[in-house]
Amino acid sequence: MNKNIAVLPGDGIGPEIIEQAVKVLDAVAKKYNHTFTYNYALVGGCAIDECGDPYPEQTHSICCNADAVLFGSIGDPKYDNNPTAKVRPEQGLLKMRKSLGLYANLRPIEPFDALLDKSPLKEERIKGANLVIVRELTGGLYFGEPRGRSENGEVAFDTCVYSKKEIERIARKAFELAIIRKGHVTLVDKANVLATSRLWRETVTDLYNREYKDKICKATGETIKLDYMFVDNAAMQLVTAPTFFDVVLTENLFGDILSDQASVITGSIGLLPSASIGDKVALYEPIHGSFPQAKGKNIANPIATILSAAMLLETSFGLTEEANAIRKACIKAVENKKYTPDLANPGQSCLTTQQVGDYIAGIV
Ligand code: IPM
Ligand code: MN
């Protein structure tokens, strides 16, 4: 298979972890006889430094002409503490999501058996947890207008907007996933307070009644279930009873917050991949950020990015066997304690980012 992948390393640890994922993709290409061509492009703080725009036109056209996009991370502390900065790296990510129409962000949370003791949560609570957060990615508070500051600077405002159309298309993704997973969708919202959340409940329920309530889940042999949970309660349930969940369907900001929280189930945020899907090219990225403190130190965990590459192969190219080979190699790496400091106990020896990449590429 001949495929063209846009590679956007971004900021912070982005370049280091992307290098490992590309190494693993190359190993897969060699073993399974594929040709992957990579086109590198700038996004985030490095794009601002280079050309004043965090998502330059050239990057957009490289993404549009690719079969899939592999992205590292975005963010630079020099902007975090400067609220007056006119352009920010994060704007590049938002512009990229919007211009590529990436409305569905899938964040699977699947603990590694060998790492159950790494989570701060009790093993008996997290054993068997396996869920996916389906986060709406191009609407809500992140994009709603009007937004900004009052003229005298004393007041700031953001607007949360959702249309039925936006809710329905992401809900469809959640139900379709439930059919091939464990048949259970939980809509997480704040319908006791927010008008947008009430629209989510109404729209998701209508769609369920119209098209999904009689659909059979392949694994359970039963019909698809839909239930509802307020976001504050969901935050608690995720860490006290994570096995309750299968598909968590939620809006943009709630999904952002809950996915970081859910990552503690696996013991390190450095393990979690994600896929952002729309109607055009799809994008794959680790859920963690740019981890600036670790930049250039060769200590960041590359597994989230390597697993994102596995999602890319499976979801965009239909290469399930190759994707599973990568997943198996990652499992083997953690079983054999070939991991970076985020997973090591104090005093325990560990590997560098590069060594973990080499190890996984070597056994894929
Ligand atoms: C994420 C990140 C981004 C978000 C930031 C970097 C804009 O936290 O992908 O979860 O809030 O969506
Ligand atoms: Mn986030």
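This is a predicted model, so every value here is computed, not measured. Each chain has its residues counted from 1, running along the sequence as written. Going through the entries in the order they are written, you letter the chains from A and number the ligands from 1. In keeping with the model being predicted, local features are shown solely for residues with a pLDDT of at least 70 and side-chain atom pairs are shown and tallied solely at 80 or more, while totals for entire chains, interfaces and linings include all residues. Hydrogen atoms and water are omitted, and side-chain values are computed over all heavy atoms in the structure.

## Looking at the domain arrangement of the protein
For the purposes of this description, domain bounds are those given by an automatic or database domain assignment. Parsing the protein into structural domains produces domain 1 (1-109 + 268-364) and domain 2 (120-265). Taken over C-alpha atoms, the centre of domain 1 sits 24 Å from the centre of domain 2. Whether two residues are in contact is decided by their heavy atoms, any of which lying within 4.5 Å being enough. Contacts between the two partners involve 17 residues from domain 1 and, on the opposite side, 22 residues from domain 2. Together, the buried faces of domain 1 and domain 2 total about 1800 Å²; carbon and sulfur atoms form 63% of this surface. Computed with a 1.4 Å rolling probe, the buried area is the accessible surface lost when two parts are put together, summed over both parts.

## Section: the nonpolar core
Among the nonpolar cores identified, the biggest contains 72 residues, and F175, L249 and L313 are the most heavily contacted of them. Beyond its immediate stretch of four places on either side in the chain, L249 contacts V134, I170, A171, A174, V185, T186, L187, V188, W200 and V204. The criterion is simple. A nonpolar core is a set of buried Ala, Val, Leu, Ile, Met, Phe, Trp, Tyr and Cys residues joined through side-chain atoms within 4.5 Å. Using a 1.4 Å probe on the protein chains alone, a residue whose accessible area is under 20% of its type maximum counts as buried, one over 50% counts as exposed, and one in between counts as partly exposed. Counting residues in each nonpolar core, the second largest holds 21 residues, with L131, I133, I265 and I287 among its members.

## Looking at the pattern of salt bridges
Salt bridge, as used here: a side-chain nitrogen of Lys or Arg that lies within 4 Å of a carboxyl oxygen of Asp or Glu. One pass over the structure, following the stated rule, counts 15 salt bridges. Put simply, R172 and E168 hold a salt bridge, and the shortest N to O gap is 3.1 Å. On the criterion of helical spacing, the pair formed by R172 and E168 is a turn pair, its members being 4 residues apart in helix α7 (residues 164-180). The structure contains a network of salt bridges with shared partners spanning E168, R172, R210 and E211. The way it works is that DSSP assigns letters per residue, a run of H or I at least four long becomes a helix, a run of E at least two long becomes a strand, and they are numbered from the N terminus.

## Structural notes on the side chain of T305
Following the sequence through the fold, T305 ends up in helix α11 (residues 303-317). Non-local contacts of T305, meaning those with residues more than four positions away in its chain, are made with I17, I18, A21, L70, P286 and H288.

## Considerations on the packing of helix α1 (residues 14-32) against helix α12 (residues 320-335)
What counts as an axis is a line fitted to C-alpha atoms, over the stretch in contact for a helix, and the angles between N-to-C directions run from 0 to 180 degrees. Two numbers describe how α1 lies on α12: the axes approach to 11 Å, and their chain directions differ by 130°. Classified by the angle between their axes, α1 and α12 sit oblique to one another. When you trace α1 past α12, the crossing you get is right-handed. Mapping the contact onto sequence places V24, V28 and Y32 in α1 and E321, E322, A325 and I326 in α12. Each angle receives one of four descriptions, namely roughly parallel if under 35 degrees, roughly antiparallel if over 145, roughly perpendicular if within 65 to 115, and oblique otherwise. Each crossing gets its hand from how the near helix is turned against the far one by less than a right angle, where anticlockwise is left-handed and clockwise is right-handed.

## Details of the site of ligand 1
It suffices for a single heavy atom of a residue to lie within 4 Å of a molecule or strand for the residue to be listed as near it. Taken together, the neighbourhood of ligand 1 is formed by E90, L93, R97, R107, R135, Y142 and D256. Counting of polar contacts relies on pairs of N or O atoms within 3.5 Å, with two restrictions inside protein: one atom must be capable of donating a hydrogen and the other of accepting it, and residues adjacent in sequence are counted only when both atoms are side-chain atoms. Between an oxygen atom of ligand 1 and a side-chain N or O atom of R107, the distance comes to 2.9 Å. Between ligand 1 and the protein, one listed contact pairs an oxygen atom with a side-chain N or O atom of Y142 at 2.5 Å. Note on areas: Shrake-Rupley with a 1.4 Å probe; residue coverage comes only from the protein chains shown. Contact with the protein chains hides 78% of the accessible area of ligand 1, taken as 320 Å² for the molecule alone. Spatially, ligand 1 is embedded in the second largest pocket. With 3 residues, the single largest contributor to the shell around ligand 1 is helix α5 (residues 89-99). Split into classes, the residues belonging to the shell around ligand 1 amount to 2 nonpolar, no polar and 5 charged. Mapped onto the domain boundaries, the shell around ligand 1 takes at least three residues apiece from domain 1 (1-109 + 268-364) and domain 2 (120-265). The definitions used throughout rest on a 1 Å grid laid over the protein atoms alone, on which a cavity is an enclosed set of points accommodating a 1.4 Å probe that cannot get out and a pocket is an open set flanked by protein within 12 Å on both sides along at least five of seven lines; lining residues are those having an atom within 4 Å of a point. To qualify as sitting in a cavity or pocket, a molecule needs more than half of its atoms within 2 Å of the grid points. Each residue gets one label: Ala, Val, Leu, Ile, Met, Phe, Trp, Tyr, Cys and Pro are nonpolar, Asp, Glu, Lys and Arg are charged, and the others, such as Gly, are polar.

## Concerning the side chain of S73
Along the chain, S73 falls in strand β3 (residues 68-73). Exposure remark for S73: the relative accessible area of 2% places this residue in the buried category. In terms of polar contacts, S73 uses its side chain to reach the backbone amide nitrogen of G14, at 3.4 Å. Discounting chain neighbours no more than four positions away, the residues touching S73 are P9, G10, D11, I13, G14, H288, G289 and S290.

## Quick notes on the pairing of strand β8 (residues 184-189)
Of all 6 residues in β8, 6 are buried, a share of seventy percent or more. Residue alternation in β8 divides its side chains into two sets, H184, T186 and V188 and V185, L187 and D189, and both sets are buried. In short, DSSP must find at least two bridges between two strands for them to pair. Pairing of β8 with strand β9 (residues 225-230), which is carried by 6 bridges, proceeds in the parallel orientation. Its bridge partner being in β9, L187 is matched across the sheet by Y228.

## Some thoughts on the sheet that holds strand β11 (residues 273-277)
Reading across from one edge, β2-β1-β3-β12-β11-β4-β5-β10-β8-β9 is the order of the 10 strands in this open sheet, with mixed pairing throughout. Edge strands, defined here as strands with exactly one partner in the open sheet, are β2 (35-40) and β9. Strand-to-strand twist across the sheet, computed as the mean angle between neighbouring axes with direction ignored, equals 25°. Strand direction decides the pairing type here: strand β5 (residues 131-136) and strand β10 (residues 247-250), joined by 4 bridges, are parallel. What sits directly across from I133, in β10, is V248. In the packing of helix α3 (residues 57-64) onto the sheet, contacts are made with β1 (2-10), β2 and β3, and the angle to β1 comes to roughly 150°.

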